[in-house]
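# Commentary on secondary and tertiary structure
Letter by letter, the chains look like this.
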Amino acid sequence: MERRYNAGTVEKKWQKIWEERNSFHVTEDPNKKKFYDLVMYPYPSGKLHMGHLRNYAIGDVVARSKKMEGYNVLHPIGYDAFGLPAENAAIEHGVEPSKWTHENMDEMDAQLKTMGISYDWDRKIYSCDPLYMKWMQWIFIQFFKKGVAYKKDTDVNWCPSCKTVLANEQVWQGECERCGSVVEKKKLSQWNFKTTAYAERLLANIDTKLGGWPDSVRTMQRNWIGKSKGANMTFPIDGSDKVIEVFTTRADTTYGVTFMVLSPEHPFVEELIKGKPCEEEARKYIRECSMKSEIERTAEGKEKTGVFIDSYAINRLTGKKVPIFITDYVLMGYGTGAVMGVPAHDQRDFDFAKKFGLEIIPTIQPEDPSIDPNDLKEAFLAEGKVINSGQFNGMDWRDAIPAMEKYIEEQGWGHHTITYKMRDWIISRQRYWGCPIPMIWCDDCGWVPEKEENLPVMLPTDVEFTGTGDSPITTSKTFQEGVTCPCCGKPARREVDTMDTFLDSSWYMLRYTDPQNDKEAFNKEKADYWMNVDQYIGGIEHATMHLLYARFFQMVLYDLGLTKYEEPFENLLTQGMVIKGYTDKNGNYVKAKMSKSLGNVVSPAEIIDKYGADTARMFILFAAPPERELDWSEAGVEGSYRFINRVYRLVYDFVEEYGNGEMSEEAKNDADKKLVYRLNLTVKKVGEDIRKFAFNTAISSIMELVNEMYKYKDGEMNPELFRFCINRLMLVLSPFVPHVCEEMWQHTGHDDLIYDQSWPSYDESAITLDTVQMVVQINGKVKDRIEVAKDASKEAIEEQAMAADKIKELLEGKNVVKVITVPGKIVNIVAK
RNA sequence: GCGGAUGUGGCGGAAUUGGCAGACGCGCACGGUUCAGGUCCGUGUGAAAGCAAUUUCAUGCAGGUUCAACUCCUGUCAUCCGCACCA
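Overview of the structure. (Residues numbered from 1 in each chain as written. Chains lettered and ligands numbered in written order. Predicted model: local features only at pLDDT ≥ 70, side-chain atom pairs only at ≥ 80, totals over all residues. Heavy atoms only, no water.)

## Details of the packing of aromatic side chains
Within this structure, the stated rule accounts for 52 aromatic pairs. Taking 5.2 Å as the distance between ring centres and 45° as the angle between the ring planes, the aromatic pair formed by Phe654 and Phe722 counts as tilted. On the criterion of sequence distance, the pair formed by Phe654 in helix H19 (residues 634–658) and Phe722 in helix H22 (residues 719–733) is long-range, its members being 68 residues apart. You'll find Phe654 and Phe722 in the same group, each marked buried. Directly above the aromatic system of Tyr710 lies the positively charged group of Arg646, at a separation of 4.2 Å from the ring centroid. (Phe/Tyr/Trp six-rings, centres within 6.5 Å; stacked < 30°, edge-to-face > 60°. Helix = DSSP H or I, 4+ residues; strand = E, 2+ residues; numbered from the N terminus. Buried < 20%, exposed > 50% of the residue type's maximum accessible area, 1.4 Å probe, protein only. Lys NZ or Arg CZ within 6 Å of the ring centre and 35° of its normal.)

This is the structure we're talking about:
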């Protein structure tokens, strides 16, 4: 150990040693309790950013501390290697996506290794690995066989710029999440996964099995699934044998239906408008709606539009004919694409009725006498008793819902039902750089999966990347060469679409448990040993996509008997963003995301280069609690660097002067006792704090210990005790700043690794002092402090408090009304 | 509009079965070390008043409960995030 701390040298040295000794490699060990610590694998863009560093630093503290606690820790890393940027690189620079991706992965491997994270590199996986693709395709085929995967003509979100289909989740305010282009609608035959069939289980498990997840994420998923209870109800079309089916949550208001509204895309519309006077206007409206992007629709401020289509439906409860309209406020993708208009009790219907001069019939009597139900200014949404509804009059609206649903069901007009906002997951992508969907179309047999022995279906390499038109795969001459139906052997065609990359990341946690297996996706015994993921750590941006898809995947695999558990992630930690504020021209401090345009990007590489990985890690863990936003500050980084130096010097100087030798935790005098007290308190607190992910307070208590040690050192120091103290200090610090701790560990006479040590225990009796300081208050204000025996009685404490000189003086001439004594904490004297 | 979260010094943040508000760090100031700068070490640092002991005010705002409230209750404002014509 050199006198001067040189982070670069120290870190390279220990990274090499860890690698040589294969320290981070793990295998299943049934005699040990396992701990699966997982960070979200990165997209190999080529550069690691602060968000990555934060994510992995948190993961590493968890991994290293759990290891010290005696767990067998699985801590893997890999790459989400398929995706658009690689293909864009091909289009823009002519680089093959595969080459581009592999170069980036190599670069990121190197960068990751400079962070000193305890990854088991032997388990590295990447989704464009042919072996990974093989088992991805195999899983797809199981899904197909189970009926979870199916092909369907779908109205899809189409990005005209990326020339690809986007999942609903990838559309943000009507724009492509990636490039910002306005998203259009297009009909395409697409592979879907039946996520809706799992909606109820996905929802129910949020309450029963995701107790270790943050509420915010659970709520987001609940909203995303969007369950509504209600009824499907039919309304006959006047002069037709067709019936319109609607979904409603408010069956109790059915007597108040005065019109029907259909989505412009509703399948009945064509037949209803054909040859009618409204035809031209209706067609124009439908065309306008299909052109309009979501962004335009919302920009119009929810002003209702629509066209009467010269048809009527019959409200069978009242026997009345009600006009049918088409309108874009009814969405084809939710419910049945048709809505019964109840203007009195739905604000949107109310707005629509006002605009088109339609009748408004109240069916709920407002309890508030100031509201006249026959002259509503807005829809009445509050509670009340049913009116204008025949036999249901007088019922509470809540009771009327099931009563009305039952009646309608008896009449054969409808039934109780449940609707979800969540839709099936469209997984086809018209892109090159993804995992090919292993399906073959045969004119006789239909869609047939590729034979297992032919997997993986590889991506063709004789393709052109033009950036326009269809998927590059369609330009390949070899891809369809000699393809025959696996079923009947006739010439057939391969599916040219690739899978959404979210499929790859939906089971990678299982593959990590058995990453090199070429006989199966993962060995069940191994997966059962390691799963579930005990701690999953990543960004909040994955709350509804990745985290829902991965849950869905695991659920299907569970049903297929491939996994032991229905849910993959026991505990979830969503880390906050790393931002960098700046002072604007008015002198105000503005918080801002790191972005190229603002020029406030700080890369982990430059910080590691300048201060070392330990400093970078320490700052990132110390500056804020993990789930909160973290404001990057160079001054703060220097503070962490200073602290590491301070510890380093403390150890170095001590060893210089006293050498390595006997340790003792025995306290001989008051100064010793004080140090021992602080030491044990710190060991206790750091352990507890790490378990709560309160890394910031864990580090601050270590700093307090170091401050105390510096003070102690200047007094009458007991080297044996101090040695013990240094030993404990290094151990509790090692999960945070592992390199420098290894260095000091070696310097203090150890030839093993601090990585392999056990977490230190603490002495409870050293923390329990004989006397305890208590605060004495008069009327709630602190006036004095007293030292009392730790087991003193309430009476004794009170007596001692009253006897204190200062208190006596202050109470002179006053009348003591009441004394509250909380042993160990406080004495409050109420006096007048 | 609906849902979730957060509001504490100049800054990041501590403190919740109600019990000393501001731990720890940054920044700042002063002192020591140094030829000097940096480093390092030490002291101080919520605001206001006072030479001082001390006093008053202070956890977004307004109330309430309590001997005692950052913590519990009611209302309100602000910011951030997610969803958003979901019938």
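## A word on a positive patch on the surface
On the surface, a cluster of positive charge is contributed by Lys781, Lys783, Arg785, Lys806 and Lys814. Considering every element that reaches the positive patch, the biggest residue donor is strand S32 (residues 781–789), with 3 residues. Structurally, the position occupied by Lys814 is in the loop between helix H26 (805–811) and strand S33 (816–822). Overall, the relative accessible area of 43% leaves Lys814 in the partly exposed class. (Patch = residues over 30% accessible without salt bridge, like charges linked within 9 Å, V, L, I, M, F, W, Y side chains within 5 Å. Areas by Shrake-Rupley, 256 points an atom, 1.4 Å probe, with all protein chains shown as cover. Salt bridge = Lys/Arg side-chain N within 4 Å of Asp/Glu carboxyl O. Lys, Arg positive; Asp, Glu negative; His and termini not counted. Charge placed at Lys NZ, Arg CZ, Asp CG, Glu CD.)

## Regarding empty space enclosed by the protein
A water-sized probe, rolled over the atoms, reveals where empty space remains. Inspection of every chain in the model, using the stated rule, returns 2 cavities of 30 Å³ or more. Looking at the second largest cavity, its volume works out to about 50 Å³. For the second largest cavity, the full set of lining residues is Met233, Thr234, Phe235, Thr254, Asn315, Arg316, Leu317, Ile408 and Trp413. The element best represented in the lining of the second largest cavity is strand S10 (residues 227–236), accounting for 3 residues. (1 Å grid on protein atoms, 1.4 Å probe; cavity = no way out; pocket = protein on both sides within 12 Å on 5 of 7 lines; lining within 4 Å. Points joined across faces, edges and corners; volume = space filled by probe spheres on them.)

## Remarks on H19
An α-helical turn contains 3.6 residues, so a residue and the one three or four places further along point in the same direction. Under the 1.5 Å per step criterion, the end-to-end length of H19 is 36 Å for 25 residues, consistent within 8% with the ideal 36 Å. By the burial criterion, the buried members of H19 are Val637, Ser640, Phe643, Ile644, Asn645, Val647, Tyr648, Leu650, Val651, Tyr652, Phe654 and Val655. Turning to H19, the residues buried within the fold contact helix H17 (604–611), helix H18 (613–622), helix H21 (695–713), H22 and helix H23 (738–747). Backbone geometry just downstream of H19 places Gly659 in the positive-phi region, at approximately 70°. (Expected span 1.5 Å × (residues − 1). Contact = heavy atoms within 4.5 Å.)

## Regarding the nonpolar core
Proteins that are soluble and globular tend to have nonpolar side chains buried together. One finds Phe193 and Trp632 to be the most contacted residues of the largest nonpolar core, which totals 168 residues. If near-sequence neighbours (up to four positions away) are discounted, Phe193 is found in contact with Phe140, Phe143, Val148, Ala149, Tyr150, Asp424, Trp425, Ile427, Leu503, Phe552 and Phe553. Counting residues in each nonpolar core, the second largest holds 43 residues, with Met233, Ile244, Val307 and Leu317 among its members. (Core = buried A, V, L, I, M, F, W, Y, C linked by side-chain atoms within 4.5 Å.)

## Points about the side chain of Asp80
Along the chain, the position of Asp80 falls in the loop between strand S3 (78–79) and helix H3 (84–93). Classification of Asp80 by relative accessible area gives buried; the value is 15%. Among the polar contacts listed, one links the side chain of Asp80 to the side chain of Tyr41, at a separation of 3.5 Å. Apart from the residues lying within four places of it in its own chain, the contact partners of Asp80 are Tyr41, Pro42, Tyr43, Pro44, Ser127, Thr501 and Asp504. (Polar contact = N/O pair within 3.5 Å; in protein donor to acceptor, adjacent residues only side chain to side chain.)

Note that all results are geometric; they support no functional claim without further evidence.
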